Amino acid sequence: MRPTRRMAMRLGLAVVLVAAAAGGALAQTDVEQDLKDADTYFESDQIDKSAAAFDRAISKSPSGVPAGAYAKRASIFFIKAGKDPKQVDRGLAWIDGTALRTHAGSGVILEQKALLLDRDPKRKGDAVTLAEEITGKDASLYFAQSLVGTYYASACAASADKVIGAFEAYLK
């Protein structure tokens, strides 16, 4: 290959790489804006708009969205489940099919799963089991600790050590 042709190919490749990098940066900026919008809507109690913004960010860059944002999106199912019990199953399916596929084993996402399970009286045992499992790995998960403590507090005095342990672990 002649030097001028080789230089032209290298220049062309460089242009393609720069364009790809710029496109990736723009996509990440869009994701960040969607996440900011989602938080703004969430804080102003516009949860449907918040859910849509979270969903846009996640669809654009699943691995570019932090686990905390997935957890906040999952919390919208929890909020809506207060008025519509079908949101429990929808939320659990979304957590298993979307959130945990990207952030497997994430404590903050599993905490939301435990809270959704707790919304269903038939699944309270599963909720507590999951909450105990995740708080054993991360004691800072306040809502999971509260779920465990509240469950054992309502069980009876024989469970007092578990109640105390759950709340002490969080307060450390």
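Residues numbered from 1 in each chain as written. Predicted model: local features only at pLDDT ≥ 70, side-chain atom pairs only at ≥ 80, totals over all residues. Heavy atoms only, no water.

Once that is clear, we can look at the packing of helix H3 (residues 67–81) against helix H5 (residues 107–119). Closest axis-to-axis distance for the H3/H5 pair is 8 Å, and the angle between their directions is 10 degrees. Here H5 runs roughly parallel to H3, going by the angle between their axes. Between H3 and H5, the contacting residues are Ala67, Gly68, Tyr70, Ala71, Ala74, Ser75, Phe77, Phe78 and Ala81 on the first element and Val108, Ile109, Gln112, Leu115, Leu116 and Arg119 on the second. (Axes fitted to C-alpha atoms, helices over the stretch in contact; angles between N-to-C directions. Helix = DSSP H or I, 4+ residues; strand = E, 2+ residues; numbered from the N terminus. Parallel < 35°, antiparallel > 145°, perpendicular 65-115°, else oblique. Contact = heavy atoms within 4.5 Å.)

In this structure the tally under the stated criterion is four aromatic pairs. Three or more aromatic residues joined by ring pairs make a cluster, and in this case those are Tyr70, Phe77 and Trp94. Arg73 extends its terminal NZ or CZ atom over the ring of Trp94, reaching a point 5.6 Å from the ring centre. Residue placement shows Arg119 over the ring face of Phe78; its charged tip is 4.0 Å from the ring centre. (Phe/Tyr/Trp six-rings, centres within 6.5 Å; stacked < 30°, edge-to-face > 60°. Lys NZ or Arg CZ within 6 Å of the ring centre and 35° of its normal.)

Attention now goes to the nonpolar core. One finds Leu35, Val65, Tyr70, Trp94, Ile95, Ile109 and Leu147 to be the most contacted residues of the largest nonpolar core, which totals 41 residues. Taken together, the elements giving at least two residues each to this core come down to helix H1 (3–43), helix H2 (47–60), H3, helix H4 (86–102), H5, helix H6 (124–137) and helix H7 (142–155). Considering every element that reaches this core, the biggest residue donor is H3, with eight residues. (Core = buried A, V, L, I, M, F, W, Y, C linked by side-chain atoms within 4.5 Å. Buried < 20%, exposed > 50% of the residue type's maximum accessible area, 1.4 Å probe, protein only.)

With that settled, consider the pattern of salt bridges. The final tally for this structure, using the stated rule, is 12 salt bridges. Salt-bridge contacts for Lys72 lead to Asp39; the nearest nitrogen and oxygen are separated by 2.9 Å. Taken together, the residues span a long stretch of sequence, with Lys72 in helix H3 and Asp39 in helix H1 at a distance of 33 residues. Given a relative accessible area of 22%, Lys72 falls into the partly exposed group. Residue Asp39 is classed as partly exposed on the basis of its relative accessible area of 32%. Between Lys72 and Glu43 there is a salt bridge whose closest N-O contact spans 3.5 Å. Note that Lys72 is positioned in helix H3 and Glu43 in helix H1, a separation of 29 residues in sequence. According to the relative accessible area criterion, Glu43 is exposed, its value standing at 58%. Within this structure, Asp34, Arg56 and Lys60 form a network of salt bridges that share partners. (Salt bridge = Lys/Arg side-chain N within 4 Å of Asp/Glu carboxyl O.)

Further remarks concern the environment of Val88. Position of Val88 among the secondary structure elements: in helix H4. Residues Val88 and Phe77 lie 11 residues apart in sequence; the distance between their C-alpha atoms is 6.6 Å. Excluding residues that lie within four positions of it along the chain, Val88 makes contacts with Ala81, Leu116, Arg119 and Arg123.

Helix length check: H4 (17 residues) gives 24 Å between terminal C-alpha atoms against 24 Å at 1.5 Å per residue, within 8%. The largest bend in H4 is about 40 degrees, located at Ile95. Against H2, H3 and H5 lie the buried residues of H4. (Expected span 1.5 Å × (residues − 1). Bend = angle between axes of the 7 residues up to and from the residue.)

With 14 residues, H2 extends 20 Å from end C-alpha to end C-alpha; this agrees with the ideal 20 Å at 1.5 Å per step. Of the residues making up H2, those classed as buried are Ile47, Ser50, Ala51, Ala53, Phe54, Ala57 and Ile58. For H2, the arc enclosing every buried residue in end-on projection is 165 degrees, short of the 170-degree limit, so these residues lie on one face. Facing away from the buried side of H2, by more than 90 degrees, are the exposed residues Asp48 and Ser59. (Arc of directions from axis to C-beta.)

Taken residue by residue, the protein chain gives an average pLDDT of 85. The fraction at 70 or more is 78%. Contacts for the low-pLDDT stretch residues 13–22, under 50 throughout, to residues beyond four places or in other chains number zero contacts. (pLDDT = per-residue confidence, 0-100.)

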